[in-house]
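# Architecture at a glance
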Amino acid sequence: EARSVDPTVLSLTAEATRANPPAPADDPAAPLVVLLDLPLITGSEPGWQPRIAAFADPWPGAVSIALGTAGTGFVTRQGADRRATIGELTEPLPGGPVGRWDEANGVMVRLYGGTLAGAPAEAILNGANLAAIGTEAAGYEVIQFREATLTGPHTWRLTGLLRGQGGTGDIAEAGHESGARFVLLDRAVGLLQLREAESGLALTLRAGAAGAVYDPEVFTEVVVAPARRGLRCLPPAHVAATRDAGSGDVAVTWIRQSRIGGDSWEPVEIPLGEATEAYRVEILDGGGAVIRSLATVTASATYSHADQVADFGTPPDAIHVRVSQVSPTEGTGSPTESVLHV
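These numbers come from a predicted model, not from an experiment.

What follows concerns the overall build of the chain. Counting its secondary structure elements, the chain contains four helices and 22 strands. A compact globule built from 342 residues would reach a C-alpha radius of gyration of about 20 Å, whereas the chain, at 26 Å, exceeds it by more than 25%. By its C-alpha atoms, the chain is 105 × 50 × 45 Å across when sized along the principal axes. Relative to its full complement of 342 residues, the chain shows a buried share of 41%. For the chain, the proportion of contacts with a sequence separation of at least 24, taken over those separated by at least 6, is 60%. With the model as given, the accessible surface of the chain reaches about 18200 Å², and the carbon-plus-sulfur share is 53%.

The following block contains the structure:
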């Protein structure tokens, strides 16, 4: 097969000149950049790297991300070629249950741009529709949603929630105020390419349209705070206590959660996920003050009869305990508190 083609399309004449592409109609705006200190999502990413989301309207095609300081200069580390779906809550979100569907609450969110869509329950259980809600000061809860309903211009109601995912149950319990940030955790949200030795250093992130000359009016600077939630031990689960009828000692037991490899049903035991196994058990008084601390290297601890008498005068019918797994590098992880009747 053959067809004729105008020769001027395929070659330049002697008089032809190469033209620059037309400039965009609108000047580029400084992008909104959000750094998210989140638990591990896939289990294979470095726990010290925050996730980064960038948004601009109009989107410049790509955003260049550099790290450095005003004194030492900035070096480009990576680019963001997708606009993140970012918004804010238009109504408070109360605390909700963890470990089961939250059918009572809904997330009311206004997006700065983009859209949302629901997904079947099976897809949600396989990791679909992940989002982060919160603030840098209070931390971010990881949620999933089953239904997304458009209720007005750029405004959505998300229902069929799974709350406190990835060990963020402490933030789910506290809930969120109106105005809290919403970030859809899709492929547009990547990891900040930060070396472990740089975690905690006084670094600044500078972001602007890729290829643009630095201009403080159209570039965004964000202080890079330490982001190590991905390395923090998760709160133990199923805390229980039993009193020995003979000795009067109370055995406190629990099941650990794992940051890494804990989703599979096949292993006989929950993977450790840390270099060593260690826990801290704290006994609290009626006012919530710690009156005794126990250390153990197994998922159990004994609160002796003698210690109970020393702490309360007589062995109590119920004890308020706080159990935490301890990381050799990050220290005490997120705790679980329970009042146990014995």
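Bridge count between strand β17 (residues 279-284) and strand β18 (residues 290-296): six bridges; the pairing is antiparallel. Bridged to Val281 within β18 is Leu294. Here β17 folds back onto β18 in antiparallel fashion, the turn holding five residues, of which Gly288 has a positive phi close to 90°.

Positionally, Ser334 belongs in the loop between β21 (331-332) and β22 (336-341). Judged by its relative accessible area of 8%, Ser334 falls in the buried class. The residues touching Ser334, leaving out its near neighbours within four places in the chain, are Arg229, Arg232, Cys233, Leu234, Pro235, Pro236, Val323 and Ser324.

Across the chain, pLDDT averages 91, with 92% of residues at or above 70. Within the model, the stretch residues 5-25 combines pLDDT values under 50 with two contacts to residues more than four positions away or in other chains.

Moving on: the sheet that holds strand β3 (residues 63-69). Spatially, four strands are ordered β4-β3-β13-β14 in an open sheet, and the strand pairing comes out antiparallel. Either end of the sheet is taken by a strand with one partner, and the two such strands are β4 (73-80) and β14 (220-224). This sheet shows a mean twist of 25° between the axes of neighbouring strands, independent of strand direction. Of the strand pairs in this sheet, β3 and strand β13 (residues 203-209) are connected by six bridges, and their pairing is antiparallel. Within the sheet, the bridge partner assigned to Leu67 lies in β13 and is Leu205.

In total, this model carries 20 salt bridges according to the counting rule given. Between Arg83 and Asp57 there is a salt bridge, with its nearest N and O atoms 3.9 Å apart. Here Arg83, found in the loop between β4 and β5 (86-89), pairs with Asp57, found in the loop between β2 (51-55) and β3; they are 26 residues apart in sequence, far enough to count as distant. Residue Arg83 is classed as partly exposed on the basis of its relative accessible area, which comes to 31%. Among the salt bridges present, the one from Arg206 reaches Glu221, with a minimum N-O distance of 2.7 Å. Within this pair, whereas Arg206 is found in strand β13, its partner Glu221 is found in strand β14, the two being separated by 15 residues in sequence. Residue classification places Arg206 among the buried residues on the basis of a relative accessible area of 17%. Exposure remark for Glu221: the relative accessible area of 43% places this residue in the partly exposed category. Beyond isolated ion pairs, a larger network of salt bridges with shared partners links Arg77, Arg195 and Glu198.

How each quantity is defined
- Residues numbered from 1 in each chain as written.
- Predicted model: local features only at pLDDT ≥ 70, side-chain atom pairs only at ≥ 80, totals over all residues.
- Heavy atoms only, no water.
- Helix = DSSP H or I, 4+ residues; strand = E, 2+ residues; numbered from the N terminus.
- Rg over C-alpha atoms; globule rule 2.2 N^0.38 Å.
- Buried < 20%, exposed > 50% of the residue type's maximum accessible area, 1.4 Å probe, protein only.
- Contact = heavy atoms within 4.5 Å.
- Areas by Shrake-Rupley, 256 points an atom, 1.4 Å probe, with all protein chains shown as cover.
- Pairing = 2+ DSSP bridges.
- pLDDT = per-residue confidence, 0-100.
- Axes fitted to C-alpha atoms, helices over the stretch in contact; angles between N-to-C directions.
- Salt bridge = Lys/Arg side-chain N within 4 Å of Asp/Glu carboxyl O.

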